[in-house]
Amino acid sequence: MLSVQSVDYSYGPVKALREVSLTVGPGEIVSLLGANGAGKTTLLSVISGLLAPARGQVLLGGQVLSGRKTSLVVEAGLVQVPEGRQVFGPLSVEENLQLGAYCRRGRQHRQQVSRDFEQVYHLFPPLARRRRQPAGTLSGGEQQMVAMGRALMAAPKVLLLDEPSLGLAPLVTREIFDIIKKLPEQGCSVLLVEQNALGALSVAHRGYVLTNGSIRFSGSAAEILGDRQLREAFLGPERFEGSTGNKP
Ligand SMILES: Nc1ncnc2c1ncn2[C@@H]1O[C@H](COP(=O)(O)OP(=O)(O)OP(=O)(O)O)[C@@H](O)[C@H]1O
Ligand SMILES: [Mg+2]
């Protein structure tokens, strides 16, 4: 469904991505693992069209996304939840969610959008209780829920999640991962960027390991977890400590 083909990206002299290729199929949760500075956020931004690749292309359902305006990428079904959540602090939870449906504001979408509101509140019960609360006053976990809910309001086929567990307590992290696990049932595939490798692999079907801008390994969650050398060489043993997940 999502296909990234031989993508290169540089920030001036800094080469951030080299010949990166990956796929995310229908109903799949795929994790992208890597240390700080490996290029994870850069890759998500190239996929969502915020950055234009120097080489290579991104396809969704066989259609080339690279070079399209971001609003068209969202309409095509690909939505990014940014690192650090970036909710609109002074706006209420409901207003943040409404903004997610910006591309579906015509009358023909009205019924489906109101169904999706209820679906988001069903998926994230704490948000239902805080509809009128300014999003900036929510806890970190609740803000992550707003960011994910806002993205789901665009009815994505593929959701890009950038470090959803960042700065969250283990219990809240588990809650977020449990919600991510449910997304494929709703017709939404996931590309999950995480430094919490164990947590991510506990919900992902497959994973890729990115180091210094290149994909060094790809395989099933079990293969990545089972490879001690890979863990230590590419992720560092500390990435597997303090896990909130179970081995699949
Ligand atoms: N706006 C920028 N200008 C110049 N260099 C940048 C910029 N953004 C990122 N880089 C560089 O590109 C490389 C990849 O950064 P990126 O943010 O994609 O990494 P990351 O894997 O998301 O890291 P983290 O886990 O810390 O979020 C790093 O070397 C970083 O310094
Ligand atoms: Mg990042």
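Residues numbered from 1 in each chain as written. Chains lettered and ligands numbered in written order. Predicted model: local features only at pLDDT ≥ 70, side-chain atom pairs only at ≥ 80, totals over all residues. Heavy atoms only, no water.

## What about the domain arrangement of the chain?
Reasoning step 1: Entries for the chain in the domain assignment read domain 1 (1–77 + 156–248) and domain 2 (89–154).
Reasoning step 2: Centre-to-centre separation of domain 1 and domain 2, based on C-alpha positions: 24 Å.
Reasoning step 3: On the side of domain 2, 12 residues touch domain 1, which itself brings 17 residues to the contact.
Reasoning step 4: Both sides together, the interface formed by domain 1 and domain 2 hides about 1200 Å², and carbon and sulfur atoms give 78% of it. (Domains from an automatic or database assignment. Contact = heavy atoms within 4.5 Å. Buried area = accessible area lost by both parts, 1.4 Å probe.)

## With respect to the sheet that holds strand S2 (residues 14–24)
Reasoning step 1: Taking strand neighbours across the sheet as the criterion, the 4 strands line up as S2-S1-S4-S5 in an open arrangement whose pairing is antiparallel. Looking at strand neighbours, the two that pair on one side only are S2 and strand S5 (63–64), the edges of this open sheet.
Reasoning step 2: When strand S1 (residues 2–11) meets strand S4 (residues 55–60), the two strands line up antiparallel, connected through 5 bridges. The residue bridging Leu-2 from the neighbouring strand is Leu-60, located in S4.
Reasoning step 3: Lying on the sheet, helix H1 (residues 40–47) is in contact with S1, S2 and S4; it crosses S1 at an angle near 120 degrees. (Pairing = 2+ DSSP bridges. Helix = DSSP H or I, 4+ residues; strand = E, 2+ residues; numbered from the N terminus. Axes fitted to C-alpha atoms, helices over the stretch in contact; angles between N-to-C directions.)

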